[in-house]
Every structure is written in C-alpha cells, then in structure tokens.
Amino acid sequence: MFGRSNDPQPVTPALTESTPSPTDPGKGRPTPKRKVSEAANKRPLVAPTTKKASREQAKAQRDIEYRAMQTGDERNMPAKDRGPVRRFIRDSVDARWNLGEFFLPMAAVFLVIQFALAKTGFAVFAILALYVYIIAAVIDVWLMWRGLKKRLVAKFGIDQIPRGAAMYAVLRAFQIRPSRMPKAQVKHGQRPV
C-alpha cells in the first residue's frame, strides 16, 4: 500500500526516447552538482591582496609623505597640508616668534618651580604664572590669526577663508619649531612669499 512496490512499472517509449529539436541539441553530459556550479561562478569582489602586501604599501606611502614633509615637496604631502593657502599659513606662522611654541618648555619650568616651592606657600604663584603665560599665548595666537586672515584675503583674493585654516595655524603656532611637520621652510623674521 504505502511505499514502493516491487512490481516493475511499464516503461513508456515517449518518456525514454527524446528527439532533440534543432534549437535544443541536447546536453550530452551529466548535470553538475550544485557545489561545483557555485564554485565555478564565484569571483572575488576586489583584487586579491594579502594583509602583508597592503601593510607594506601603506608603509611605503607613509615614508613618501614623511620625506615630502621634511623637504617641503608639495606633490607628495598629505592632503591636509597641500595647496598654496596651507603653504602660506605655514610660512606665516613659521616666520614669527610665537609664545605658543615655548609653551611646553615653560610649562616644564613652572612645574619644577612648583615642586621646589611645594613646602612653602609660593607654589601657588608658579601655577598663577603658568596660567598668565597660557592666557598670553592664546592672545598672541588670536592676534596672529587676525593679521594672517587679512593677508590671506589680500594675497589670494578669497571671500571666505577655507575651513580648518584657523585651527591649522593655531596648532602649528603651539608646536615647538623643530618638531613641526611639514618642516619650517622660512626663518624667523623672513616674510612668506
């Protein structure tokens, strides 16, 4: 009743004999397994790269950018440092003496003075002197940016200063001159071109 019967079923000739039509010449081979078909259709979405190769490529790019930042080669610098406006900002900041560039050494001096005077009541004066220096450095940078903004408008004839230019100048002014990247290309007192 249920299941397979052991009686052989009669085979109809219409099912076994198929005549290929002119448009369907017949397959002539067995149907491949699904796993084989899927493997044949797989292709990588991106070019096959290894982690090691991509790390080496990134390191080579960083080395090129680092050398460019030391020599002043604009073509190979990172995008944030490229362009005539950024170069003018760098040269303007590097041409003047900034109180911000002496902030770290002065903070270290005031810290040592504070520890030396810790047992006396004069340690408070070292902290106050450091705060006065910070306020003076901020005012110095603000005055520098006001003048630089006017020179940018006069030189490049731009109505609006590019976004991030003020922060670029301020951060450069607060860096110690030997550690600035890209390296300073002008001397103190020399006017940028």
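A brief structural summary. (Residues numbered from 1 in each chain as written. Predicted model: local features only at pLDDT ≥ 70, side-chain atom pairs only at ≥ 80, totals over all residues. Heavy atoms only, no water.)

### Re the pattern of salt bridges
And then number 1: In total, this model carries nine salt bridges according to the counting rule given.
And then number 2: R75 is the salt-bridge partner of D73, the closest N and O atoms lying 3.5 Å from each other.
And then number 3: When its relative accessible area of 68% is taken as the criterion, R75 is described as exposed. (Salt bridge = Lys/Arg side-chain N within 4 Å of Asp/Glu carboxyl O. Buried < 20%, exposed > 50% of the residue type's maximum accessible area, 1.4 Å probe, protein only.)

### Details of a nonpolar patch on the surface
And then number 1: Where nonpolar side chains cluster on the molecular surface, the patch consists of F122, V124, F125, I127, L128 and Y131 and spans about 620 Å² of accessible area.
And then number 2: Inspection of the secondary structure puts L128 in helix α6 (residues 123-156).
And then number 3: Among the residues examined, L128 registers a relative accessible area of 47% and is labelled partly exposed. (Patch = residues over 30% accessible without salt bridge, like charges linked within 9 Å, V, L, I, M, F, W, Y side chains within 5 Å. Areas by Shrake-Rupley, 256 points an atom, 1.4 Å probe, with all protein chains shown as cover. Helix = DSSP H or I, 4+ residues; strand = E, 2+ residues; numbered from the N terminus.)

### Some words on the side chain of R172
And then number 1: With respect to the secondary-structure elements, R172 resides in helix α7 (residues 165-173).
And then number 2: Accessibility expressed as a relative area gives 3% for R172, which makes it buried.

### Section: α7
And then number 1: Looking only at α7, the buried set comprises A165, Y168, A169, R172 and A173. Projection of α7 onto a plane perpendicular to its axis shows the buried side chains occupying an angular sector of 125 degrees, all on one side.
And then number 2: Contacts made by the buried residues of α7 are with α4 (84-95) and α6. (Arc of directions from axis to C-beta. Contact = heavy atoms within 4.5 Å.)

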